[in-house]
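# Structural overview
Each chain, letter by letter, is given below.
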Amino acid sequence: MNDIRKRNLHNAPVIAIFFAFLFAVLAAFVFTPSYEYNMAEQRALAQRPNIAEAKSLDDFASGWESYVSDQFPGRNRIEAGVKEAEFAGTDDRLIDDVYVLSDDYLFSYTYPVDNWKYGALMSQITASSDQSGLPFVYIIVPQKNIVLEDAEKSIDAKYNAENLHMLENDLLYWKLPYINTCPKLLSYSLEQRSKFYFKTDFHWNELGAYTACEYIAEQLADMGYIKKSSVPKDDDFIWTNYTGRDYLGDLQRRFSQEVTVKEYIPVYEAVNKDELIYYTNYRGSAVSRDTIVGTGLKSDGVLNYNTMSTYNLGYLRIENPNAPEIKSVLLIKDSYACTTLEYLSQIFTELNVVDPRYTDMNLKTLLKARDVDLVLLMFHESNVSSELIQYLKP
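The rules behind the values
- Residues numbered from 1 in each chain as written.
- Predicted model: local features only at pLDDT ≥ 70, side-chain atom pairs only at ≥ 80, totals over all residues.
- Heavy atoms only, no water.
- Pairing = 2+ DSSP bridges.
- Helix = DSSP H or I, 4+ residues; strand = E, 2+ residues; numbered from the N terminus.
- Buried < 20%, exposed > 50% of the residue type's maximum accessible area, 1.4 Å probe, protein only.
- Polar contact = N/O pair within 3.5 Å; in protein donor to acceptor, adjacent residues only side chain to side chain.
- Contact = heavy atoms within 4.5 Å.
- Axes fitted to C-alpha atoms, helices over the stretch in contact; angles between N-to-C directions.
- Phe/Tyr/Trp six-rings, centres within 6.5 Å; stacked < 30°, edge-to-face > 60°.
- Core = buried A, V, L, I, M, F, W, Y, C linked by side-chain atoms within 4.5 Å.
- Left-handed = near helix turned anticlockwise from the far one by under 90°.
- Nonpolar A, V, L, I, M, F, W, Y, C, P; charged D, E, K, R; others polar.

Now for the sheet that holds strand β4 (residues 98-100). Reading across the sheet, the three strands line up as β3-β4-β5 and stay open at both edges, with antiparallel pairing between neighbours. Every interior strand has two partners, whereas the edge strands, β3 (94-95) and β5 (106-108), have only one.

Given below as structure tokens:
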């Protein structure tokens, strides 16, 4: 009997630790809010099941199992650790289409674009330009794989280069005006170029965008679309450095929503920013700039590409009554162009901005409603989406 008591006393700490752990996990489930969406996995998460709504006990048990799996406390951190463990002892640094390189750098893997897609895009641009009688200027902004290819031998920019070559060839074949910002960015030293892009994001930062915009404005002037005197000057803008803030890049979110890094975060603002007027509907009323630009900069929270710059919307219009070019311009773009809008707003009195992925606004209707004078398209070399081709159909 004494031996049994001794064995029970010996096991007591283990049992106590087990129940303490179990209680802690249950408490975490009770007091930790449920998340509705996982950006790292790009999917909705299971929510706590309601037994009154369950069709059967088996249905409730299945729902509870999914809920526990999706909402387990610390799940994202555990998954991030598993991802990193996959790299241990191997030279393979590509996982989930992301290159994980030294010094916290993440690069997306680029796939080749079928040549017929570029042809379809050029055909639609030409048709829309002919029907509207407006000039359509294509602006190529490069992914960081091209601009920082020489930063580390593991970076693969082969398909970026091939896609860029096909895109330029088709633009030349269809005799469409275009601006390629890639040579301009590559003209800088590697040290300078490394400051143009976020380490853990798919996008460039505002310094990279600003540098490209200077070249874009100069080229628009050389092509006769704006006056040379309309090219903005450096003293038209004020720079603020937010380096040191926690930043969650788009590529980092594929691994974890909780692991952030300290990025280089330069942000520029127009000196006359208070004179700019913002609309989120081409017929609606003006909205506050604070709801559109730098929404995350005024708090101490984690920044991302959307909250440190101009928010990515399906439609946005910026009016600048004192701009040198009295023109209404339509910019068709993806999220890469969000960091260029502050600069472009200093050239034109009206800048209409459309992301074809998030709008059902008809191109022909918009061109007429806003009396557009010039259409700009701004995309990276590998972005030829079906939404863009569909939007351009006249």
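Okay, the side chain of T340 next. Here T340 is to be found in the loop between β15 (325-333) and α11 (341-344). For T340, a relative accessible area of 0% translates into the label buried. Within the structure, the side chain of T340 is placed 2.6 Å from the backbone oxygen of A337, a separation counted as a polar contact. Apart from residues no more than four positions distant in its own chain, T340 is found in contact with W204, A209, C213, Y268 and M378.

Burial within strand β6 (residues 136-140) is extensive, with five of its five residues counted as buried. The alternating pattern of β6 places F136, Y138 and I140 and V137 and I139 on opposite faces, both of which are buried. Sheet topology places β6 next to strand β17 (residues 374-379); five bridges connect them, and they run parallel. Bridge pairing in β17 places Y138 opposite L377. Looking at chain direction, β6 and strand β7 (residues 178-180) are connected through three bridges and run parallel.

The next subject is the sheet that holds strand β14 (residues 315-319). Read from one edge of the open sheet, eight strands run β7-β6-β17-β15-β16-β14-β12-β13, paired in mixed fashion. Edge strands, defined here as strands with exactly one partner in the open sheet, are β7 and β13 (286-287). In the sheet, β15 pairs with β17 via five bridges, with the strands oriented parallel. Residue pairing in the sheet places K333 in a bridge with M378 of β17. Sitting on the sheet, helix α4 (residues 115-132) touches β6 and β17, and the angle it makes with β6 is about 145°. Against the sheet, helix α6 (residues 158-173) engages β6 and β7, with an angle of about 165° to β6.

With that out of the way, let us pick up the packing of aromatic side chains. To describe a pair of aromatic rings, one takes the distance between the centres and the angle between the planes. All told, the structure shown has 19 aromatic pairs when counted by the stated rule. Plain terms: the ring middles of Y109 and Y111 are 4.8 Å apart, the flat faces sit at 80° to each other, and that makes the pair edge-to-face. Overall, the relative accessible area of 23% leaves Y109 in the partly exposed class. On the basis of an interplanar angle of 90° and a centroid distance of 5.5 Å, the ring pair of Y210 and F237 is categorised as edge-to-face.

Counting residues in each nonpolar core, the largest one holds 59 residues, and the members touching the most others are W204, M308, L331 and Y343. When residues in this core are grouped by element, the largest group, nine residues, is from helix α9 (residues 206-222). Apart from the residues within four sequence positions on either side, W204 is in contact with V141, L185, F196, Y197, F198, A209, A212, Y305, Y336, T339 and T340. Grouped together as the second largest cluster of nonpolar side chains are 33 residues, L134, Y315, L363 and L392 included.

Moving on to the packing of α4 against α6. Two numbers describe how α4 lies on α6: the axes approach to 10 Å, and their chain directions differ by 35°. When the axes of α4 and α6 are compared, the crossing they make is right-handed. Of the residues in α6, those touching α4 at N115, Y118, G119 and M122 are N163, M166, L167, D170 and L171. In terms of residue class, the contact of α4 with α6 is made up of five nonpolar, three polar and one charged.

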